[in-house]
Amino acid sequence: MKGGVVQISQAASIALHGMGILALQGRRISVRELSEMISVSEPHAAKVFQRLTRAGLVNSLRGPSGGFELAIPASKITLYDIYEAIEGKPSSDYCLINKKNCPFGSCIFGGMLKRINEEFIKYLSSRTLADLVRSDLFDETKGIAKSNKN
């Protein structure tokens, strides 16, 4: 299964990767260039970045020299901020089915789903775009993402 058990929406993935690119490049980037860099359709990237604009994370400029740029410093934007701008606040209900119809007295997953969600939120909340740019995921001398061969 692609992506393993924990998955996020394509829109959230576009937002996280696109914002990382904006932070890494440190300049305004057109939606066409962003969509090419992350291999998604231009209309989908534009919709995602419109949501990020409404959330105040990016500025949008129209026209031939237009595009998107960070609205606030990369050190002030957490990965959770980006995730929440696209997905909204995560639910605190970890039941995968309607509780009214559950045949068990307690969740068959125990507290695992809650712990996984809390760990995911903790991770996203503890990482900024600046951290991402400084991480070993990027070859800073070339300004490109390193391939992950793990």
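Shown above is the structure to which this text applies.
No experiment lies behind these values; they were computed from the predicted model shown.

Asks: Explain the overall build of the protein chain to me, and be specific about the residues and the numbers.
Replies: In terms of helices and strands, the protein chain carries six helices and four strands. Along the protein chain, helices and strands appear, N-terminal first, in the series α-α-α-β-β-α-α-α-β-β. A buried classification covers 30% of the 150 residues belonging to the protein chain. Excluding contacts between residues fewer than 6 apart, the proportion of contacts in the protein chain whose partners are at least 24 apart in sequence is 60%. Approximately 10,100 Å² of the protein chain is accessible, and the part contributed by carbon and sulfur atoms is 52%.

Asks: Outline the packing of helix α1 (residues 10-25) against helix α3 (residues 42-54), supporting the account with residue identities and numerical values.
Replies: Interhelical geometry of α1 versus α3 gives an angle of 75 degrees and a closest axis separation of 9 Å. The angle between α1 and α3 falls in the class roughly perpendicular. Listed contacts from α3 to Q10, A11, I14, A15, G18, M19 and L22 of α1 are H44, A45, V48, F49 and L52. The class makeup of the residues in the contact of α1 with α3 is nine nonpolar, three polar and no charged.

Asks: Please give an account of the packing of aromatic side chains that cites residues and values.
Replies: Tallied over the entire structure, the rule returns two aromatic pairs. Pairing F49 with F68 gives two aromatic rings, centres 5.1 Å apart and planes at 45 degrees, and the pair type is tilted. On the criterion of sequence distance, the pair formed by F49 in helix α3 and F68 in strand β2 (residues 67-70) is long-range, its members being 19 residues apart. F68 shares its class with F49; the two are buried.

Asks: Tell me about helix α4 (residues 79-87), residues and numbers included.
Replies: Along an α-helix, a turn takes 3.6 residues, which lines up residues three or four apart on a common side. All of the buried residues in α4 are L79, Y80, I82, Y83 and I86. Projected down its long axis, α4 carries its buried residues within an arc of 160 degrees, all on one side. Along its buried surface, α4 packs onto α1, α3, α5 (112-126) and α6 (129-134). Following α4 by one or two positions, G88 has its phi on the positive side, about 80 degrees.

Asks: Could you give me a rundown of the pattern of salt bridges, with the residues and numbers involved?
Replies: In this structure the tally under the stated criterion is six salt bridges. Between K114 and E118 there is a salt bridge, with its nearest N and O atoms 3.8 Å apart. On the criterion of helical spacing, the pair formed by K114 and E118 is a turn pair, its members being four residues apart in helix α5. When its relative accessible area of 41% is taken as the criterion, K114 is described as partly exposed. For R134, the salt bridge goes to D131, with nearest N and O atoms at 2.7 Å. You can see R134 and its partner D131 sitting in helix α6, three residues apart, about one turn around the helix.

Calculation criteria
- Residues numbered from 1 in each chain as written.
- Predicted model: local features only at pLDDT ≥ 70, side-chain atom pairs only at ≥ 80, totals over all residues.
- Heavy atoms only, no water.
- Helix = DSSP H or I, 4+ residues; strand = E, 2+ residues; numbered from the N terminus.
- Buried < 20%, exposed > 50% of the residue type's maximum accessible area, 1.4 Å probe, protein only.
- Contact = heavy atoms within 4.5 Å.
- Areas by Shrake-Rupley, 256 points an atom, 1.4 Å probe, with all protein chains shown as cover.
- Axes fitted to C-alpha atoms, helices over the stretch in contact; angles between N-to-C directions.
- Parallel < 35°, antiparallel > 145°, perpendicular 65-115°, else oblique.
- Nonpolar A, V, L, I, M, F, W, Y, C, P; charged D, E, K, R; others polar.
- Phe/Tyr/Trp six-rings, centres within 6.5 Å; stacked < 30°, edge-to-face > 60°.
- Arc of directions from axis to C-beta.
- Salt bridge = Lys/Arg side-chain N within 4 Å of Asp/Glu carboxyl O.

This is a description of form; function is not addressed.
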